[in-house]
Amino acid sequence: MAVRRTDLDGGEILPMTICMIGAGGFIGSHLCEKLMHETDHTVLAIDVYSDKIQHLLEPGHPWSGRIEFHRINIKHDSRLEGLIKMADLDPAFYVLKEDVSPCIFGPIEKQRWSYACAKQLIERIIYAEGAENGLEFTIVRPFNWIGPRMDFIPGVDGPSEGVPRVLACFSNGLLRGEPLKLVDGGQSQRTFLYIKDAIEAVHLMIENPSRANGHIFNVGNPNNEVTVKQLAEMMTEVYSKVSGQPPLEEPTVDISSQEFYGEGYDDSDKRIPDMTIIKERLGWDPKTSLWDLLDYTLTYQHKTYSQAVKQAMSTSIASS
């Protein structure tokens, strides 16, 4: 007999069908795992790749039949609308990237601020649809969610010329035995949240719509605030423990943002989330320290990529 599950207000949580666009990505794959292991919900998993959720799709699991993968490019496939109509919930339409309020935008000649403007615009469109046309929505603002399966390692499972986010970028340097590049000295301050903590927050939103609908939630960990330079130092120490390899004598090197990113780059110096609303509405608090999440993540990165990186480096040397 199935165990009766209740939401934060004591109401019974009934099984639902969730259409998840981006299910094969970093966040989506972890959310799929959570829903398969801990709920009776069904997931219509939509993405162009299934590598990160392939372990969930194999036959013989207790959740077999509750997750379906649909290989769809949402820009050019009419099947998407039909799958959305089959669902009770479509979380991917309102999961947005990190942002802060009040709005802070840089000069127009720094093109990267178009990214921030686009995120702010879609939030305002969704909110307006809710206010004027009754759209039920929840907006999530992820503040640097990190953990296994995030981003890519250039030249291994991503383009050689690609620039992943800071943690994956530093992981790549550690795996290759190269100094970590500190853009403009690494003085920018950021917070970092472990993906398992983040998925717990999203899970609470899905199963408590009466508390989540119509709200915008910052989801981060203010207790894990460091400068990018401090992050590099911590990662160097953690990776040395994980890999058994001594750190470089000079583990970091300074580089200008223009040299690293090219013309048009600019960014805010500090991004710290205000967690008041999510604590009040959902009672959620992050649990994982920065040291622990780096340990979990770098252990995965070393186990998954160390041999592949060595092989890629050997191939590169042999062909040069």
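Residues numbered from 1 in each chain as written. Predicted model: local features only at pLDDT ≥ 70, side-chain atom pairs only at ≥ 80, totals over all residues. Heavy atoms only, no water.

1. So, the overall build of the protein
Here comes step 1: Counting its secondary structure elements, the protein contains eleven helices and eleven strands.
Here comes step 2: Looking at the protein residue by residue over its 320 residues, the buried ones come to 46%.
Here comes step 3: Nonlocal contacts in the protein, meaning residues at least 24 apart in sequence, comprise 77% of its contacts between residues at least 6 apart. (Helix = DSSP H or I, 4+ residues; strand = E, 2+ residues; numbered from the N terminus. Buried < 20%, exposed > 50% of the residue type's maximum accessible area, 1.4 Å probe, protein only. Contact = heavy atoms within 4.5 Å.)

2. Side note on the pattern of salt bridges
When charged atoms on two side chains of opposite charge get close, those side chains can pair.
Here comes step 1: Taken as a whole and judged by the stated rule, the model has ten salt bridges.
Here comes step 2: Residues E33 and R149 are paired through a salt bridge, measuring 3.3 Å at the closest nitrogen-oxygen approach. Of this pair, E33 sits in helix α1 (residues 26-38) while R149 sits in the loop between β5 (145-146) and α5 (166-176), placing them 116 residues apart in sequence. Pair check on accessibility: E33 and R149 agree, each one buried.
Here comes step 3: A salt bridge links R141 to E123; the shortest N-O distance between them is 2.7 Å. Of this pair, R141 sits in strand β4 (residues 138-142) while E123 is found in helix α4 (residues 113-133), placing the two residues 18 residues apart along the sequence. Accessibility assignment for this pair places R141 and E123 in one class, buried. (Salt bridge = Lys/Arg side-chain N within 4 Å of Asp/Glu carboxyl O.)

3. Details of the nonpolar core
Nonpolar side chains in soluble globular proteins tend to end up buried together.
Here comes step 1: Grouped together as the largest cluster of nonpolar side chains are 58 residues, with contacts concentrated most on W145, M205, V219, I278 and L294.
Here comes step 2: It is helix α6 (residues 195-207) that contributes the most residues to this core, eight residues altogether.
Here comes step 3: Not counting residues within four places of it along the chain, the set of residues in contact with I278 comprises A201, M205, F217, N218, V219, G283 and W284.
Here comes step 4: One finds L44, I46, L80 and L83 within the second-largest nonpolar core, a separate group that totals eight residues. (Core = buried A, V, L, I, M, F, W, Y, C linked by side-chain atoms within 4.5 Å.)

4. Re unusual backbone geometry
Here comes step 1: One non-glycine residue, N144, adopts positive backbone phi at about 50 degrees.
Here comes step 2: With respect to the helices, strands and loops of the structure, N144 is situated in the loop between β4 and β5.
Here comes step 3: Residue N144 is classed as buried on the basis of its relative accessible area of 17%.
Here comes step 4: The phi dihedral of D184 is positive, around 50 degrees, even though this residue is not glycine.
Here comes step 5: Take D184: it is sitting in the loop between β6 (180-183) and β7 (189-191).

5. Overview of a nonpolar patch on the surface
Here comes step 1: The grouping of L121, I122 and I125 at the surface amounts to a nonpolar patch, some 260 Å² of accessible area in total.
Here comes step 2: Along the chain, L121 turns up in helix α4. (Patch = residues over 30% accessible without salt bridge, like charges linked within 9 Å, V, L, I, M, F, W, Y side chains within 5 Å. Areas by Shrake-Rupley, 256 points an atom, 1.4 Å probe, with all protein chains shown as cover.)

6. What about the environment of T6?
Here comes step 1: Relative to the elements of secondary structure, T6 occurs in the segment before β1 (17-21).
Here comes step 2: Taking C-alpha positions, T6 is 9.4 Å from N208, a pair spaced 202 residues apart along the chain.
Here comes step 3: Among all residues touching T6, those that are not within four sequence positions of it are G11, E12 and I13.

7. Here we look at the sheet that holds strand β3 (residues 67-71)
Here comes step 1: Strand order in the open sheet formed by three strands is β1-β2-β3, with parallel pairing between adjacent strands. The open sheet is flanked by β1 and β3, the only strands paired with a single partner. Averaged over all neighbouring strand pairs, the angle between strand axes comes to 15 degrees, with direction disregarded.
Here comes step 2: Relative to β3, strand β2 (residues 42-47) runs parallel, the two sharing five bridges. Its bridge partner lying in β3, A45 is registered against F69.
Here comes step 3: Across the sheet, α1 is in contact with β1, β2 and β3; its angle to β1 comes to roughly 165 degrees. (Pairing = 2+ DSSP bridges. Axes fitted to C-alpha atoms, helices over the stretch in contact; angles between N-to-C directions.)

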